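# Fold and contact review
Each chain is listed here by its residues.
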Amino acid sequence: MFNKDGIPFFIIMIPFLCIIFCAFFISSYYMKVSEQNFQDDVKILIQTYPKKDFSAKLIEKVIKDKRAVYEKNKADFLYFIKIVTLCVLFFMALFTFLMTSIVKDIVNKYMSKVENEQNKLKNLNETLSSKVAFGIEEGKRKDKAILEQSRLAKVGSMISMIAHQWRQPLSELSGILMELETATRFKKVDEKHILTSIDRSNDMIEFMSNTIDDFRNFYKPDKKKEYFNISDACKKAINLVDATLHNLSIDLLFDIKKDKKIFGYPTEYSQVILNLISNAKDILVEKEIKDPKIYITITSRGMQSIVIIKDNAGGIGEENLDLIFDPYYSTKDSSKGTGLGLYISKLIIEKNMGGELSVQNDNEGAVFKVIVLG
């Protein structure tokens, strides 16, 4: 199809083949027509003149003369055809040479362009590894910064919840001390009163110490899977945030329709529930919802254990609904969220526990559904 220079073969050969075919066809046609004309002329000559007017030798001589004339015309025509063919072949050869030169120039330009692009691609490939390495390092640096921000936000949130959990026992301790001070000033204190106050104070201090232990154990990663009740994991999360919700006047309605024991990581599961409750709390506060409520419902269907967490904050915007679980995507202010909470929660439920975490809106607000096989 192509020669070594990449020039199409037909550009060189087809014109020559066309000329040779035309010359052969014209010559054959002319010889056929000439022979037929000669035979027709002989027949007319014989029919025109009666045999008595011509001797056989005279007729033969006339035919011979006619034949000589036709042969001479045929030879002249063939000579003419040869000259024309040679001229046409010459011009076609010149035309082919010019076309070959033009096409060769075009091909060379194209090949030069391709070579330049290949050189660019080669240079790009040579620097690609360094660029990729730089991009990976940059991504790690950003991830590290965002994770650090997320860790600080989590610590801040934990401290805030601890403060809310401690507020009530601290108030009670303050009351006990004031009561003792008043009784001492008025000389009404006795041993029984002191011992009772000490017992009450110890109870408050023990509660506060247990709160610290609860938070410390809550954020400690699970080492292995184990069987646990869904309701217990949910209560563990609720206990940590209950004081905060009470302080913000948010009602939490907890409904256990059908509890179920599942196999997984109980602490991580509780962290997911806590994260969903905290998100609902944040949006209720942000939108300043009157009579704010969070609903938690535990049920099951066949092998599936289902926890539904919903609020009455009006729901998630349609433009955000498909992106809500993407990493670093958050509808909150950058100082309040990193966009990792729901992403990590989805990883825990779907990757670590083989379940499903989904979200949709109803007529009141957002509805998060956590499904895990029992």
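Residues numbered from 1 in each chain as written. Predicted model: local features only at pLDDT ≥ 70, side-chain atom pairs only at ≥ 80, totals over all residues. Heavy atoms only, no water.

## Remarks on the overall build of the protein chain
As a reminder of what qualifies: Numbered from the N terminus, helices here are DSSP runs of H or I no shorter than four residues, and strands are runs of E no shorter than two. Each residue gets one of three labels from its accessible area relative to the maximum for its type: buried under 20%, exposed over 50%, partly exposed in between, using a 1.4 Å probe on protein chains only. Between two residues, a contact is recorded if the distance between any of their heavy atoms is within 4.5 Å.
When helices and strands are counted, the protein chain shows 7 helices and 7 strands. Counting from the amino terminus, helix and strand elements in the protein chain follow one another as α-α-α-β-α-β-β-α-β-β-α-α-β-β. The buried share of the protein chain, taken over its 374 residues, is 30%. In the protein chain, the share of contacts with a sequence separation of at least 24, taken over all contacts with a separation of at least 6, comes to 74%.

## A closer look at the nonpolar core
We apply this condition: Definition of nonpolar core: a set of buried residues of the types Ala, Val, Leu, Ile, Met, Phe, Trp, Tyr and Cys, connected through side-chain atoms within 4.5 Å.
Grouped together as the largest cluster of nonpolar side chains are 41 residues, with contacts concentrated most on Y269, I277, I294 and V307. When residues of this core are traced back to their parent elements, those giving at least two are α4 (230-247), α5 (266-286), β4 (293-301), β5 (304-311), α7 (341-352), β6 (356-361) and β7 (366-373).

## Focus on the sheet that holds β7
Heads up, the rule is: At least two bridges found by DSSP between two strands is the condition for calling them paired. Simply put, an axis is a line fit to the C-alpha atoms, just over the touching stretch for a helix, and the angle between two N-to-C directions goes from 0 to 180 degrees.
Taking strand neighbours across the sheet as the criterion, the 5 strands line up as β2-β4-β5-β7-β6 in an open arrangement whose pairing is mixed. Two strands lie at the open edges of the sheet, namely β2 (251-256) and β6, each paired on one side alone. If you compare each strand with its neighbour and ignore which way they point, the axes differ by 15° on average. The pairing of β5 with β7 spans 7 bridges and is antiparallel. When the sheet's bridge partners are listed, K310 is paired in β7 with V367. Of the strands in this sheet, β2, β4, β5, β6 and β7 touch α5, which is tilted by about 20° from β5.

## Here we look at the packing of aromatic side chains
Under the convention used in this document: Side-chain rings of Phe, Tyr and Trp, where Trp is taken by its six-membered ring, are said to pair if the distance between their centres is within 6.5 Å; with planes under 30 degrees apart they count as stacked, over 60 as edge-to-face, and otherwise as tilted.
All told, the structure shown has 3 aromatic pairs when counted by the stated rule. Measuring from ring centre to ring centre gives 4.8 Å for Y227 and F263, while their planes differ by 50°; the resulting arrangement is tilted. In this pair, Y227 sits in strand β1 (residues 226-229) while F263 sits in strand β3 (residues 261-264), placing the two residues 36 residues apart along the sequence. Under the relative-accessibility criterion, Y227 is labelled exposed at 56%.

## With respect to the environment of T297
With respect to the helices and strands, T297 occurs in strand β4. A relative accessible area of 18% means that T297 is categorised as buried. Through-space distance from the C-alpha of T297 to that of F254 is 6.1 Å; in sequence the pair is 43 residues apart. Residues in contact with T297, not counting those within four places in the same chain, are D255, K257, I306, V307 and I308.

## Some thoughts on the packing of α4 against α5
Defined as follows: Under this scheme an angle from 65 to 115 degrees is roughly perpendicular, one under 35 degrees roughly parallel, and one over 145 degrees roughly antiparallel; angles in between are oblique. For a crossing to be left-handed, the near helix must be turned anticlockwise from the far one by less than a right angle; the clockwise case is right-handed. Ten residues, namely Ala, Val, Leu, Ile, Met, Phe, Trp, Tyr, Cys and Pro, are considered nonpolar, four, namely Asp, Glu, Lys and Arg, are considered charged, and the remaining ones, Gly among them, are considered polar.
Close contact between α4 and α5 brings their axes to 8 Å; oriented N to C, the two are set at 40°. Classed by the angle they form, the pair α4 and α5 counts as oblique. Once α4 is placed against α5, the crossing between them reads as right-handed. Residues I230, A233, C234, K236, A237, I238, L240, V241, T244 and L245 of α4 form the contact with α5, whose participating residues are P266, T267, Y269, S270, I273, L274, I277 and K281. The residue makeup of the contact of α4 with α5, split by class, is 13 nonpolar, 3 polar and 2 charged.

## Description of the confidence of the model for the protein chain
For the record, the criterion: The predictor attaches a confidence to each residue, and that confidence, scored 0 to 100, is pLDDT.
Residues with a pLDDT of 70 or more make up 68% of the protein chain, whose mean pLDDT is 76. Contacts of residues 1-7 to residues separated by more than four positions or lying in other chains number 12 contacts, the stretch itself having pLDDT below 50.

## So, α7
Formally: A helix is expected to span 1.5 Å multiplied by its residue count minus one. The directions considered for the arc are those from the helix axis to the C-beta atoms.
With 12 residues, α7 should cover 16 Å at 1.5 Å per step; its first-to-last C-alpha distance of 15 Å lies within 8% of that length. Among the residues making up α7, those that are buried are L342, S345, I348 and I349. With its buried residues spanning 120° around the axis, α7 presents them on a single face. Tucked into the core, α7 has its buried residues touching α5, β6 and β7. Looking one or two residues past α7, G354 carries a phi angle of roughly 65°, positive in sign.

## Observations concerning a negative patch on the surface
What counts here: Patch members must show over 30% relative accessible area and no salt bridge, and they are joined within 9 Å when carrying like charges or within 5 Å when they are nonpolar side chains of Val, Leu, Ile, Met, Phe, Trp or Tyr. Computed with a 1.4 Å probe, the accessible areas rest on the Shrake-Rupley method; for each residue, only the protein chains presented here act as cover. Note on definitions: salt bridges are taken to be side-chain nitrogens of Lys or Arg within 4 Å of carboxyl oxygens of Asp or Glu. Counting rule for charge: Lys and Arg are taken as positive, Asp and Glu as negative, and neither His nor the chain ends is counted. A single reference atom marks each charge: NZ on Lys, CZ on Arg, CG on Asp, CD on Glu.
A surface patch of negative charge is lined by E318, E319, D322 and D326. Tracing the chain through its elements places E319 in helix α6 (residues 318-321). We classify E319 as exposed; its relative accessible area is 58%.

## Notes on the packing of α5 against α7
Between α5 and α7, whose axes approach to 10 Å, the crossing angle comes to 145°. Here the hand of the crossing between α5 and α7 comes out left-handed. For the pair formed by α5 and α7, the contact residues are E268, Y269, V272, N275, L276 and N279 on the first element and G341, L342, S345, I348, I349 and N352 on the second. By residue class, the composition of the contact of α5 with α7 is 6 nonpolar, 5 polar and 1 charged.

## Structural notes on the pattern of salt bridges
If you walk through the whole model with that rule in mind, you get 7 salt bridges. Among the ionic pairs, K310 bridges to D362, the shortest N-O distance being 2.7 Å. On the criterion of sequence distance, the pair formed by K310 in strand β5 and D362 in the loop between β6 and β7 is long-range, its members being 52 residues apart. In this structure K310 comes out as buried when scored by relative accessible area, which is 18%. Taking the shortest distance from any N to any O, the salt bridge between E350 and K346 comes out at 2.7 Å. Remark: K346 and E350 occur in helix α7; sequence separation between them is 4 residues, near one turn of the helix. On the accessibility criterion, K346 (23% relative accessible area) is partly exposed. Via salt bridges that share partners, K310, D362 and E364 belong to a single interconnected network.

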